[in-house]
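Inside the fold
The residues making up each chain are set out below.
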Amino acid sequence: VDKYGVLTINADLYIKENGHGVLPKIGERLWLFEQSLKNIKKIVFTKKGLEFPKNATNWFNGYENVTEIEGLELVSTKNVTAMRYMFANMQSLTELDLSNFDTSNVITMDSMFSGMTRLEQLNLSNFDTSNVTNMGGMFYGTDSLIELDLSSFDTRNVTDMGYMFSDNLAYETNKVKFRNNIDFTKEIEEKTKPNYYKLKTIEVFDFIDEFELNFNI
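Now for a quick tour of the structure. Computed from a predicted structure; not experimentally measured.

**Some thoughts on the overall build of the protein**
Within the protein, the regular secondary structure consists of 2 helices and 9 strands. For the protein, the sequential pattern of α-helices and β-strands runs β-α-β-β-β-β-β-β-α-β-β. Within the span of the protein, comprising 217 residues, buried residues form 49% of the whole. Looking at the protein alone, contacts between residues at least 24 apart form 78% of all its contacts between residues at least 6 apart. As displayed, the protein has an accessible area near 10700 Å², and 44% of this comes from carbon and sulfur atoms.

**What to know about the pairing of strand 2 (residues 42–45)**
Consecutive side chains along a regular strand alternate between the two faces of the sheet. Two elements, strand 1 (residues 6–9) and strand 2, share 4 bridges in a ladder whose sense is parallel. Each bridged residue has a counterpart across the sheet, and for Val6 the counterpart in strand 2 is Lys42. Inspection of the sheet shows strand 2 paired to strand 3 (residues 68–70) by 3 bridges, in the parallel sense. Pairing of Ile43 across the sheet is with Ile69, part of strand 3.

**Focus: the packing of aromatic side chains**
Enumeration according to the criterion identifies 15 aromatic pairs in this entry. With 6.4 Å between their ring centres and 85 degrees between their planes, Phe45 and Phe60 make a pair best called edge-to-face. One end of the pair, Phe45, is in strand 2; the other, Phe60, is in the loop between strand 2 and strand 3, and 15 residues separate them in sequence. Considered together, Phe45 and Phe60 belong to a single accessibility category, that of buried residues. Look at Phe52 and Trp59: their rings are 5.2 Å apart centre to centre, the planes differ by 75 degrees, and that puts the pair in the edge-to-face class. The residues Phe52 and Trp59 share a single accessibility class, namely buried.

**Topic: the pattern of salt bridges**
Per the counting criterion, the structure on display carries 5 salt bridges. Across the salt bridge formed by Lys47 and Asp12, the nearest N and O atoms sit 3.5 Å from each other. Here Asp12 lies in helix 1 (residues 11–18) and Lys47 lies in the loop between strand 2 and strand 3, a separation of 35 residues in the sequence. Exposure remark for Lys47: the relative accessible area of 38% places this residue in the partly exposed category. On the basis of relative accessibility, which here comes to 45%, the residue Asp12 falls in the partly exposed class. Between Glu70 and Lys42 there is a salt bridge, with the nearest N and O atoms lying 3.0 Å from each other. Of this pair, Glu70 sits in strand 3 while Lys42 is found in strand 2, placing the two residues 28 residues apart along the sequence. The class for Glu70 is partly exposed, based on a relative accessible area of 36%. Bridged by salt links that share partners, the residues Lys42, Glu68 and Glu70 form one connected network.

**Topic: the environment of Thr155**
Within the secondary structure, Thr155 sits in the loop between strand 6 (148–150) and strand 7 (176–179). Distance in space between the C-alpha atoms of Thr155 and Asn134 is 9.4 Å, their sequence separation being 21 residues.

**Description of the side chain of Ser99**
On the secondary structure map, Ser99 appears in the loop between strand 4 (95–97) and strand 5 (121–123). Using a relative accessible area of 15% as the deciding quantity, one classes Ser99 as buried. A polar contact of 2.7 Å, which involves the side chain of Ser99, links it to the side chain of Asp97. When sequence neighbours within four positions are dropped, the list of residues in contact with Ser99 reads Asn123, Ser125 and Asn126.

**So, the sheet that holds strand 2**
What the 3 strands build is an open sheet, ordered 1-2-3; its pairing is parallel. For this open sheet the edge positions go to strand 1 and strand 3, each flanked by a neighbour on one side alone. Taken pair by pair, the neighbouring strands of this sheet meet at an average axis angle of 15 degrees, ignoring direction.

**Structural notes on the nonpolar core**
In this structure, Phe45, Phe52, Phe60 and Phe87 are the most contacted members of the largest nonpolar core, which totals 50 residues. Listing elements by their share of this core, those giving two or more residues are strand 1, helix 1, strand 2 and strand 6. Other than its neighbours up to four places away in sequence, Phe87 contacts Phe60, Ile69, Leu72, Leu96, Leu98, Phe101, Met112, Phe113 and Met116.

Scoring rules and cut-offs
Residues numbered from 1 in each chain as written. Predicted model: local features only at pLDDT ≥ 70, side-chain atom pairs only at ≥ 80, totals over all residues. Heavy atoms only, no water. Helix = DSSP H or I, 4+ residues; strand = E, 2+ residues; numbered from the N terminus. Buried < 20%, exposed > 50% of the residue type's maximum accessible area, 1.4 Å probe, protein only. Contact = heavy atoms within 4.5 Å. Areas by Shrake-Rupley, 256 points an atom, 1.4 Å probe, with all protein chains shown as cover. Pairing = 2+ DSSP bridges. Phe/Tyr/Trp six-rings, centres within 6.5 Å; stacked < 30°, edge-to-face > 60°. Salt bridge = Lys/Arg side-chain N within 4 Å of Asp/Glu carboxyl O. Polar contact = N/O pair within 3.5 Å; in protein donor to acceptor, adjacent residues only side chain to side chain. Axes fitted to C-alpha atoms, helices over the stretch in contact; angles between N-to-C directions. Core = buried A, V, L, I, M, F, W, Y, C linked by side-chain atoms within 4.5 Å.

Here's what the structure looks like:
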């Protein structure tokens, strides 16, 4: 971490030192200590060759002052199965583009973006969620989102959607775009557990070959 708060993860150096490009799990991030997280304002990945570990749980969780992640599209996610809390509590990040993420093997995405209170733009346009079973709390507390396009989402295997949209964009825009070939209303009704928050009303109407769901909580 330099004096400007930039954490640079050099692909060539990392591979040379470790003999592979698989980044460490959260508990093995030897270049950081708990007390230095707040000092980091930007994270930079330099080039291709790195990949997130199979268990990427909490990987960026705690970087509360980071305002930019540069080169994230260069890091492979093809082998990741767990993205639980991966970006949780990144309270200073306003934009996040994950359109290059390969999520075809991911099983858990619960609380993936929870607590990202300043996030205004989130690009999940190419997300493959066909193997995901848990989306509980996925967007919890993202109450600055302008809109959320989930038109690529396949939730047929999801069994838990509890808290998925609690305290988020519903208070700002009431707009979520979803695929029109899936009855998301039914999905929500069946997969939101009784002890979680209740959706009081759901209005569904056509929106350019998609559904736009209004959530009034």
